[in-house]
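Here's the letter readout for the chains.
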Amino acid sequence: MKDPDLLQRKNDHLDIVLNPNRAVKQTTTGFERWRFEHCALPELNLDAIDLSTSLCGRAMQAPILISSMTGGANRARDINRHLAEAAQMLGLAMGVGSQRVAIEGDMNWGLDSELRKIAPDIPLLANLGAAQLLGPHGISYARQAVAMIDADALIVHLNPLQEALQNGGDRDWRGVLTAIEQAVTTLPVPVIIKEVGAGLSVAVAERLAAVGVTMLDVAGAGGTSWAAVEGERADSARRRAVAMAFTGWGIPTADALCAIRARLPEMPLIASGGIANGIDAAKAIRLGANLVGQAAAVLGSATTSTDAVTEHFQVVIDQLRVACFCTGSENLAALKQASLVPVG
C-alpha cells in the first residue's frame, strides 16, 4: 500500500534541493582550508593519468560514487535511469535512494532489475534507512533492497537529525547498532554506513568498525542541509524555528574525513557532503578518501537527461585529472602522497 504522505515528502525533498533559494547552507565543507602545492614540472602525460579504482570487486574508471539522492517520487524513475546510464558509460559507482517506498508500496519507481540491466558492470549499491533496519521487518527489508536491484552492497543511512526535525519522523533510535551488526552478519553483501549531511564522528566510526561494517561514508556538513529542507517543509512556525536553528549543525566533511582516517587507517572511506568539483574530490582523496560522492550537485542534470549527467561528471573527472597533473600525480596512489598544505 502506498503511503501518500511519504510520497509527498519525497517530492518535497526534490523540489527544495533543486531550489537554491530554499536549500540553505550555513556551513562549509572544510576543503577550502586546504590547498595543493602546485607542481610546475609534472613530467607526466595528462591523458595517461590513471584514475581507475574498484569497489566490491568491480572496476571503476574514476573514484566517483553517484550518491543516493532519490526515494519514491514518481519522477525518480527517470532520474535513476539517467544516473545509471551515465554511471555505466563513465565507469562510476551508483547508490540508489532509499528503497523504503519501493519495498512498502506497490510501485518500484525504477528500482528493480531493469536498473541492473541498464548498468550491468558498475558497483550498484542498495539503500535503506537505519530506522527501517531497526523495525520488525528490518532484515527482510534489507534482503529485498539488495535483491530487487541485484546490488553489490547495502548502504544503511543514518539521519537522526533529519528524523528528529521531520513531522512524523522516527524518534526512537535505541538498538540501531545491534540492527546494523545483525545486517552485517546476515546479508550476503557488504554493509556500508553513511550519514546524510551531518557527518560521522570518530566515536561513531569506531563503533561501526567494531561490528564489522565494510565501508563508511562520512557524508559531512557543507552540502545540503537537511535541517533546512525539513524547515522548509515545516507545517508550523514552531517546527520551522526548531529546524532552522540546526542548519549549520554537523561535522564538516573534511574534518570528519581527516579525523576518521587518522583513527581508522585501514577503513575504506567515502567522502561526500558538499563536494563541489574535481578539486574538492582530489583534496578528499589526498585526505584519505577511497571514493568521492556527489548527489545534490548533479540532481538538476539528472532530472534533464543522461547526456546532462554524463557531461556533469565528465567535467568533474577532467578537473580531477588536471589536479593530478598539476600535483605531479600519475595515479590515485600518487595523489594520496601529493603536497597538500593548510591555508592560513
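Residues numbered from 1 in each chain as written. Predicted model: local features only at pLDDT ≥ 70, side-chain atom pairs only at ≥ 80, totals over all residues. Heavy atoms only, no water.

### A look at the overall build of the chain
Quick note on the threshold: Runs of H or I in DSSP of at least four residues are treated as helices and runs of E of at least two as strands, each being numbered from the N terminus. Three exposure classes are used, based on accessible area relative to the maximum for each residue type with a 1.4 Å probe and protein chains only: buried under 20%, partly exposed in between, and exposed over 50%. What makes two residues a contact is simply this: any of their non-hydrogen atoms within 4.5 Å. Note on areas: Shrake-Rupley with a 1.4 Å probe; residue coverage comes only from the protein chains shown.
For the chain, the helix and strand inventory stands at 16 helices and 12 strands. When burial is assessed residue by residue, the chain has 52% of its 344 residues classed as buried. Considering only intrachain contacts with a sequence separation of at least 6, the fraction spanning at least 24 residues in the chain is 77%. Of the roughly 14,500 Å² that the chain leaves accessible, carbon and sulfur atoms contribute 50%.

### A look at helix H9 (residues 202–210)
The line we're drawing: Regarding the arc, it is the one traced by the directions from the helix axis to the C-beta atoms.
Buried residues of H9: Val202, Ala205 and Leu208, and no others. With its buried residues spanning 125° around the axis, H9 presents them on a single face. In this structure, the buried residues of H9 make contact with strand E7 (153–158), helix H8 (176–186), strand E8 (191–195), strand E9 (215–217) and helix H12 (253–263). Of the residues flanking the end of H9, it is Gly212, one or two places downstream, whose phi is positive at about 95°.

### Notes on the environment of Val101
Within the secondary structure layout, Val101 lies in helix H3 (residues 100–104). For the pair formed by Val101 and Leu111, sequence separation is 10 residues and the distance between their alpha carbons is 10.0 Å.

### Some points on the packing of helix H13 (residues 278–286) against helix H15 (residues 306–325)
Which entries qualify depends on this criterion: Axes here mean lines fitted to C-alpha atoms, for a helix over just the part in contact, with angles spanning 0 to 180 degrees between N-to-C directions. An angle below 35 degrees is read as roughly parallel, one above 145 as roughly antiparallel, one from 65 to 115 as roughly perpendicular, and any other as oblique. Less than a right angle of anticlockwise turn of the near helix away from the far helix marks a crossing as left-handed, whereas a clockwise turn marks it as right-handed. Gly counts as polar in this scheme, as do all residues outside two lists: the nonpolar Ala, Val, Leu, Ile, Met, Phe, Trp, Tyr, Cys and Pro, and the charged Asp, Glu, Lys and Arg.
Following both chains from N to C, one finds H13 and H15 inclined at 55°, their axes separated by 7 Å at the closest point. Classified by the angle between their axes, H13 and H15 sit oblique to one another. The element H13 and its partner H15 pack so that their crossing is right-handed. From H13, Gly278, Ile279, Ala281, Ala282 and Ile285 reach across to H15, where they touch Val316, Gln319, Leu320 and Ala323. Looking at the contact of H13 with H15, its residues break down into seven nonpolar, two polar and no charged.

### Side note on the nonpolar core
Short version of the rule: Only buried residues count toward a nonpolar core. Its members are Ala, Val, Leu, Ile, Met, Phe, Trp, Tyr and Cys residues joined through side-chain atoms within 4.5 Å.
Grouped together as the largest cluster of nonpolar side chains are 85 residues, with contacts concentrated most on Met94 and Leu216. Each residue touching Leu216, except ones within four places of it in the same chain, is listed here: Ile193, Leu200, Ala205, Leu208, Ile260, Met267, Pro268, Leu269 and Ile270. Counting 11 residues, the second largest nonpolar core, distinct from the first, contains Ala93, Leu125, Met215 and Ile270.

### Overview of the UniProt feature "binding site: FMN" (unreviewed entry) in the chain
We apply this condition: UniProt positions are given in the numbering used here, feature names are shortened, and annotations may be inferred rather than shown by experiment.
According to UniProt, the "binding site: FMN" (unreviewed entry) feature falls on Ser67, Ser68, Met69, Thr70, Ser98, Asn127, Lys194, Thr224, Ala295 and Ala296. As for its placement among the helices and strands, Ser67 is situated in the loop between strand E4 (64–66) and helix H2 (76–90). By relative accessible area, Ser67 is classed as buried at 4%. The buried category is assigned to Met69, whose relative accessible area is 17%.

### Describing the pattern of salt bridges
One side chain can pair with another of opposite charge once the charged atoms of both are near each other. This is how the line gets drawn: The salt bridge definition used is simple: a Lys or Arg side-chain nitrogen within 4 Å of an Asp or Glu carboxyl oxygen.
Enumeration over the complete set of coordinates arrives at 13 salt bridges. Of the charged contacts in the structure, one is a salt bridge between Asp255 and Arg33, with a shortest N-O distance of 2.4 Å. Taken together, the residues Asp255 in helix H12 and Arg33 in the loop between helix H1 (4–17) and strand E1 (34–36) connect sequence positions 222 residues apart. The exposure class of Asp255 is partly exposed, given its relative accessible area of 32%. Exposure remark for Arg33: the relative accessible area of 35% places this residue in the partly exposed category. In this structure, Asp172 engages Arg174 in a salt bridge whose closest nitrogen and oxygen atoms are separated by 2.6 Å.

### Digging into the sheet that holds E9
To be explicit about the condition: Paired strands are those between which DSSP finds at least two bridges.
What the eight strands build is a closed barrel, ordered E4-E5-E6-E7-E8-E9-E10-E11; its pairing is parallel. Recorded for the sheet is a direction-independent mean angle of 25° between the axes of neighbouring strands. Sheet analysis places E4 next to strand E5 (residues 93–95), joined by two bridges and oriented parallel. For Ile66, the partnering residue across the bridge sits in E5 and is Met94.

### Things to note about the UniProt feature "binding site: substrate" (unreviewed entry) in the chain
Selection rule: Polar contact criterion, stated in full: a pair of N or O atoms within 3.5 Å, where within protein one must be able to donate a hydrogen and the other to accept it, and residues adjacent in sequence count only if both atoms are side-chain atoms.
The UniProt feature table records "binding site: substrate" (unreviewed entry) at Arg9, Lys10, Ser98, Gln99, Arg100 and Gln162. Considering the arrangement of structural elements, one finds Ser98 in the loop between E5 and H3. In this structure the side chain of Ser98 is engaged in a polar contact, spanning 3.4 Å, whose partner is the backbone nitrogen of Arg100. By the element assignment, Gln99 lies in the loop between E5 and H3.

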